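Here is what each chain is made of, one letter per residue.
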Amino acid sequence: MTTVTEKNNKPISQRKLLGVAGLGWLFDAMDVGILAFVIAALHEDWGLTSQQMGWIGSVNSIGMAVGAFVFGIYADRVGRKKIFIITLLLFSLASGISAFTTTLAAFLILRFFVGMGLGGELPVASTLVSESVPAKDRGRVVVLLESFWAAGWLVAAIISYFIIPEYGWRIALLLTALPAFYALYLRINLPDSPQFTAKKDVLRSVSTNIREVWSKTYRRPTIMLWIVWFTVVFSYYGMFLWLPSVMVMKGFPLIQSFQYVLIMTLAQLPGYFSAAWLIERAGRKFVLVTYLIGTAASALAFGNADTVTALVVSGAFLSFFNLGAWGALYAYSPEQYPTVIRATGTGMAASFGRIGGILGPLLVGSMLTAGFGINVIFAIFCVSILIGAMAVAFLGTETKQMELE
């Protein structure tokens, strides 16, 4: 396996880098996945309204927006590795502490800090891996990094299926605090990006980096990324945080809903692996546009499904295409900028996207309260995803096997 960087003259392989960064990604997904099931459990335990349930997901996304912006900027100042560890500790500890809350207000405050950690870690980790892998392997490795998200969701679904009904949601959240210990391992074993290390002596102000992201040279890719990030995050968090609850609303008991969502989640893995195989062959734009269109069609089918078979099949395709698109997006985003502003540009795009993550869950809660059907809500997500696909198709440029600056 190709050596990607060195620390104290000791090489680290792509496989080891992928494993170290991927486990952090898995823990992130585990936390977000468990939250989807916890929201459904809190609905029964605390008697939450649909709007209150929506606010849980939205506060998480507010934190992610802040975290992606702040930590993305500082990753270009202090290094990718330091920010990766800080954000991992932040979301792990806050998530574990939230298990002891007894009020919705306290739970929301802690979910904000969980979101900050999550929002900062994801774009920084993808930037770190992008800068540490040769151009010929970069897209495939970053998509494989994203595949750990599916593994994390599977762990979350398994924990939720076996733990929440028997032992309660608090125990499930305590299990999400375990990644804090893994962060200590990361501090010792993970090298920083070789590209950042080579240019870390080039001191640039935060304001200079932000201005350059919106300079004439990078304005078009920035507009493209902001549109696609917003539409993808808006639809993802609107749909997937509500999946267990939607199943309950369609008449299935809570434990059976967990079971069906677990089955749907399994489809995420072939979605990632197929995207990883295609991305170095067909290119980033083809994979991203194709998988976004597939996501839109699946969302429309899921919203109109009225049988168990139709729900599970359309939900599986929704998982397949949506998470494959996510993988391509994380590979594509860092390739739009040079090293000195890469984490800033990627973090700002992700931060703007998290605004969509705030609005998505709130939209579902508000529309359900107003009496709109699931089919109408998912049609809105369908249109949103298509807008993102068009942004990539018309504004994006192909970056397959392009050497990073």
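What counts and how
Residues numbered from 1 in each chain as written. Predicted model: local features only at pLDDT ≥ 70, side-chain atom pairs only at ≥ 80, totals over all residues. Heavy atoms only, no water. UniProt positions renumbered as here; feature names shortened; annotations may be inferred. Helix = DSSP H or I, 4+ residues; strand = E, 2+ residues; numbered from the N terminus. Buried < 20%, exposed > 50% of the residue type's maximum accessible area, 1.4 Å probe, protein only. Contact = heavy atoms within 4.5 Å. Areas by Shrake-Rupley, 256 points an atom, 1.4 Å probe, with all protein chains shown as cover. Lys, Arg positive; Asp, Glu negative; His and termini not counted. Charge placed at Lys NZ, Arg CZ, Asp CG, Glu CD. Core = buried A, V, L, I, M, F, W, Y, C linked by side-chain atoms within 4.5 Å. 1 Å grid on protein atoms, 1.4 Å probe; cavity = no way out; pocket = protein on both sides within 12 Å on 5 of 7 lines; lining within 4 Å. Points joined across faces, edges and corners; volume = space filled by probe spheres on them. Nonpolar A, V, L, I, M, F, W, Y, C, P; charged D, E, K, R; others polar. Domains from an automatic or database assignment. Salt bridge = Lys/Arg side-chain N within 4 Å of Asp/Glu carboxyl O. Buried area = accessible area lost by both parts, 1.4 Å probe. Polar contact = N/O pair within 3.5 Å; in protein donor to acceptor, adjacent residues only side chain to side chain. Expected span 1.5 Å × (residues − 1).

Per an unreviewed UniProt entry, the recorded name for the protein is MFS transporter, and the organism is Planococcus maritimus. UniProt lists a comment for the protein under the heading Subcellular location (unreviewed entry), and it reads "Cell membrane".

A. Structural view of the overall build of the protein. From N to C terminus, the protein includes 18 helices and two strands. Dimensions of the protein, computed from the C-alpha atoms along their principal axes, are close to 55 × 45 × 40 Å. Within the protein, the fraction of its 405 residues that count as buried is 61%. Restricting to contacts in the protein with at least 6 residues of sequence separation, those with at least 24 account for 85%. Total accessible area computed for the protein in this model is approximately 14500 Å², and 68% of it derives from carbon and sulfur atoms. Looking at charge distribution, the protein has the averaged site of its 28 positive side-chain charges lying 6 Å from that of its 20 negative ones.

B. How the structure looks around the nonpolar core. One finds Trp149 and Trp229 to be the most contacted residues of the largest nonpolar core, which totals 128 residues. When residues in this core are grouped by element, the largest group, 18 residues, is from helix 1 (residues 14-45). Look past the residues within four positions of Trp149 in its chain and what remains in contact with it is Trp25, Asp28, Ala29, Val32, Leu122, Tyr236, Tyr237, Gln268, Tyr272 and Leu323. Counting residues in hydrophobic clusters, the runner-up holds six residues, among them Ala75, Met116, Val124 and Ala343.

C. Geometry of empty space enclosed by the protein. Enumeration according to the criterion identifies two cavities of 30 Å³ or more in this entry. In this model, the second largest cavity occupies a volume close to 70 Å³. For the second largest cavity, the full set of lining residues is Trp25, Leu122, Glu146, Trp149, Tyr236, Tyr237, Tyr272, Leu323, Trp326, Tyr330 and Arg354. Secondary structure elements with two or more residues in the lining of the second largest cavity: helix 5 (135-162), helix 11 (219-240) and helix 16 (308-332). Here the lining of the second largest cavity takes three residues from helix 16, the largest share from any one element. Class assignment for the residues of the lining of the second largest cavity results in nine nonpolar, no polar and two charged. Looking at which domains feed residues into the lining of the second largest cavity, each of domain 1 (12-191) and domain 2 (208-404) supplies at least three.

D. Molecular detail of the pattern of salt bridges. For the structure shown, the criterion picks out nine salt bridges. Residue Arg80 is joined to Glu131 by a salt bridge in which the shortest nitrogen-to-oxygen separation is 2.7 Å. One end of the pair, Arg80, is in helix 3 (residues 80-97); the other, Glu131, is in helix 4 (residues 104-132), with 51 residues separating them in the sequence. Residue Arg80 shares its accessibility class with Glu131, and that shared class is buried. In this structure, Arg138 engages Glu335 in a salt bridge whose closest nitrogen and oxygen atoms are separated by 2.8 Å. A residue pair is termed long-range when its members are at least 10 positions apart, and Arg138 in helix 5 and Glu335 in the loop between helix 16 and helix 17 (339-369) qualify at 197 residues. Judged by its relative accessible area of 1%, Arg138 is buried. The buried category is assigned to Glu335, whose relative accessible area is 3%. Salt bridges sharing common partners tie together Asp76, Arg80, Glu131 and Arg342.

E. Region of the structure containing the domain arrangement of the protein. Taken domain by domain, the protein comprises domain 1 (12-191) and domain 2 (208-404). Each of domain 1 and domain 2 has a C-alpha centre, and the two are 17 Å apart. On the domain 2 side, the residues contacting the 54 residues of domain 1 number 59 residues. Taking both sides of the interface into account, the surface hidden between domain 1 and domain 2 amounts to around 4800 Å²; carbon and sulfur atoms contribute 71%. Contact with domain 2 buries area across many residues of domain 1, yet Arg138, Val143 and Tyr161 alone supply 12% of it, more than any other trio. At the junction of domain 1 with domain 2, the criterion picks out two salt bridges. Linking domain 1 with domain 2 are eleven residue pairs in polar contact (both at pLDDT 80 or more).

F. Broad picture of helix 18 (residues 374-395). Look at helix 18: 32 Å from first C-alpha to last across 22 residues, which is about the 32 Å you get at 1.5 Å a residue. Buried within helix 18 we find Ile374, Ile377, Phe378, Phe381, Cys382, Ser384, Ile385, Gly388, Ala389, Ala391 and Val392. Where helix 18 is buried, its residues meet helix 11, helix 12 (243-249), helix 15 (284-304), helix 16 and helix 17.

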